[in-house]
Amino acid sequence: MRLDGPESDNVEDRRRQGGFRGGFRGGLPGGLGGGRRGGGLAVGGLGGVALLLLFLFLGIDPSMLLDDGSGPNPYQTQQTRQATPDEEASRRFVAQVLGETEQVWREQFSRVGRQYQDPTLVLYTGGTQSGCGGAQAQVGPFYCPADQKVYIDLDFMAALQQRLGAPGDFASAYIIAHEVGHHVQNQLGILQLAQRMQSRSDQEDANAIQVRVELQADCFAGLWAKRANDARQILESGDVEEGLNAAAAVGDDRLQREAGHRVQPESFTHGSSAERVRWFRIGLERGDLVACNTFAGLPSGGTP
Ligand SMILES: [Zn+2]
């Protein structure tokens with residue numbers, strides 16, 4: 001990628017603020033397909049079932065990943081240290097990608113007479129507190145609508161990308177843009193409508209709605225890449241392939257298969273590899289919001 005635009009000021013780097021010290025008090029993390037925690041519904045980044053399988057594979061109890069956000073803050077925040085050169089480089093990369101998303105989404109919103117409110121992106125290591133409860137890195141990148149922040153542990157993301165076979169700077173940018181896509185959905189009221197629909201649905205239909213939410217975030221990531229590239233030529237050769245590869249790597253079917261499980265489409269919460277690639281590509285080729293209506297054709301009549 002070629003990133004020489006301005007860095008965003010909305011990166012909150014918590015990586016030098018000590019580490020997580022306390023224990024989690026149980027409960028399913030929102031990142032695993034949408035549990036309601038501490039007043040917010042966290043939206044997972046990579047794949048709910050996929051990550052659940054990953055946890056089982058890694059021997060991590062997902063019920064330990066998030067607390068309810070109440071009680072004393074178990075995070076140590078007093079001790080700070082100097083950023084290492086690697087940390088500074090990664091902060092800069094993230095701030096530039098976020099800055100690119102801000103430029104694109106401000107423009108897209110102003111076209112429809114709306115004003116885009118920039119989200120905050122929190123970088124953390126190990127664990128941190130969010131408006132949707134406490135989070136450990138194993139939950140994967142996620143967006144918390146309650147505090148309008150994207151949470152990313154870059155070390156964990158790098159390890160996950162390596163495990164999934166989705167390396168590259170644009171693969172990372174795709175993941176960030178996907179999470180920002182959830183923020184866009186939040187701003188447009190799509191998350192709220194989807195939640196209302198889910199509350200009236202059985203588990204299988206609720207999963208199907210969640211898949212539409214996730215595929216739309218993939219489409220928004222593609223839309224962002226096209227718009228940013230049209231304006232500022234951010235893409236280099238191989239970048240699109242990296243993005244498509246990353247989208248395929250986090251498809252529910254592939255992750256279920258890789259975890260040694262039978263593929264169960266009714267349990268999907270993020271969509272199959274083919275669907276994720278398809279919607280990322282639609283966003284990338286069309287570059288407009290209307291093209292990203294992943295909800296058309298739902299039994300509920302295509303709303304939201
Ligand atoms: Zn997501």
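Refer to the structure above for everything that follows.
About the thresholds
- Residues numbered from 1 in each chain as written.
- Predicted model: local features only at pLDDT ≥ 70, side-chain atom pairs only at ≥ 80, totals over all residues.
- Heavy atoms only, no water.
- Helix = DSSP H or I, 4+ residues; strand = E, 2+ residues; numbered from the N terminus.
- Buried < 20%, exposed > 50% of the residue type's maximum accessible area, 1.4 Å probe, protein only.
- Areas by Shrake-Rupley, 256 points an atom, 1.4 Å probe, with all protein chains shown as cover.
- Patch = residues over 30% accessible without salt bridge, like charges linked within 9 Å, V, L, I, M, F, W, Y side chains within 5 Å.
- Salt bridge = Lys/Arg side-chain N within 4 Å of Asp/Glu carboxyl O.
- Lys, Arg positive; Asp, Glu negative; His and termini not counted.
- Charge placed at Lys NZ, Arg CZ, Asp CG, Glu CD.
- Expected span 1.5 Å × (residues − 1).
- Phe/Tyr/Trp six-rings, centres within 6.5 Å; stacked < 30°, edge-to-face > 60°.
- Polar contact = N/O pair within 3.5 Å; in protein donor to acceptor, adjacent residues only side chain to side chain.
- Contact = heavy atoms within 4.5 Å.

1. Topic: the overall build of the protein chain
Part 1 of the argument: The helix and strand tally for the protein chain stands at 9 helices and 9 strands.
Part 2 of the argument: Every one of the 304 residues in the protein chain was classed for burial, and the buried ones make up 55%.
Part 3 of the argument: For the protein chain, the computed accessible surface area is about 12700 Å², with 48% contributed by carbon and sulfur atoms.

2. A word on a negative patch on the surface
Part 1 of the argument: On the surface, a cluster of negative charge is made up of Asp202, Glu204, Asp205 and Glu266.
Part 2 of the argument: Here Asp202 is to be found in the loop between α5 (190–199) and α6 (203–232).
Part 3 of the argument: Using a relative accessible area of 47% as the deciding quantity, one classes Asp202 as partly exposed.

3. Considering helix α2 (residues 85–111)
Each turn of an α-helix holds 3.6 residues, which means side chains three or four residues apart point in the same direction.
Part 1 of the argument: Between its terminal C-alpha atoms α2 stretches 39 Å, which fits the 39 Å expected from 27 residues at 1.5 Å a residue.
Part 2 of the argument: Two residues or fewer past α2, Gly113 is found with a positive phi of approximately 75 degrees.

4. Focus: the packing of aromatic side chains
Part 1 of the argument: In this structure the tally under the stated criterion is 7 aromatic pairs.
Part 2 of the argument: Geometrically, the ring pair formed by Phe170 and Trp224 is stacked, given 6.4 Å between the ring centres and 10 degrees between the ring planes. With Phe170 in helix α4 (residues 169–188) and Trp224 in helix α6, this pair connects stretches of sequence that are 54 residues apart.
Part 3 of the argument: Classification of Trp224 by relative accessible area gives buried; the value is 1%.

5. A look at the side chain of Asp253
Part 1 of the argument: Relative to the assigned elements, Asp253 resides in helix α8 (residues 252–258).
Part 2 of the argument: Its relative accessible area of 14% is what places Asp253 among the buried residues.
Part 3 of the argument: There is a polar contact of 2.9 Å between the side chain of Asp253 and the backbone nitrogen of Ser273.
Part 4 of the argument: Sequence-distant contacts of Asp253, that is, excluding residues within four places in its chain, are made with Val263, Phe268, Ser272 and Ser273.

6. Quick notes on the pattern of salt bridges
Part 1 of the argument: Taken as a whole, this structure holds 14 salt bridges when the rule is applied.
Part 2 of the argument: We note a salt bridge from Arg91 to Glu7, for which the minimum N-O separation is 3.2 Å. Residue Arg91 is found in helix α2, and its partner Glu7 is found in the segment before β1 (11–13); the two are separated by 84 residues along the sequence.
Part 3 of the argument: The residue Asp13 makes a salt bridge to Arg16 at a minimum N-O spacing of 3.5 Å.
Part 4 of the argument: Taken together, the shared-partner salt bridges in this structure form one network comprising Glu7, Glu88, Arg91 and Arg92.

7. Describing unusual backbone geometry
With glycine set apart, most residues show a phi of negative sign, and most peptide bonds adopt trans.
Part 1 of the argument: Phi at Gln148 is positive, roughly 55 degrees, even though this residue is not glycine.
Part 2 of the argument: Take Gln148: it is sitting in the loop between β8 (142–144) and β9 (149–152).
Part 3 of the argument: Unlike most non-glycine residues, Gln233 shows phi in positive territory, near 45 degrees.
Part 4 of the argument: In this structure, Gln233 sits in the loop between α6 and α7 (239–249).

8. A word on the environment of Gln115
Part 1 of the argument: In this fold, Gln115 is placed in the loop between α2 and β5 (120–123).
Part 2 of the argument: Separated by 10 residues in sequence, Gln115 and Trp105 have C-alpha atoms that sit 9.1 Å apart.
Part 3 of the argument: Excluding its chain neighbours within four sequence positions, the residues that come into contact with Gln115 are Phe109 and Gln187.

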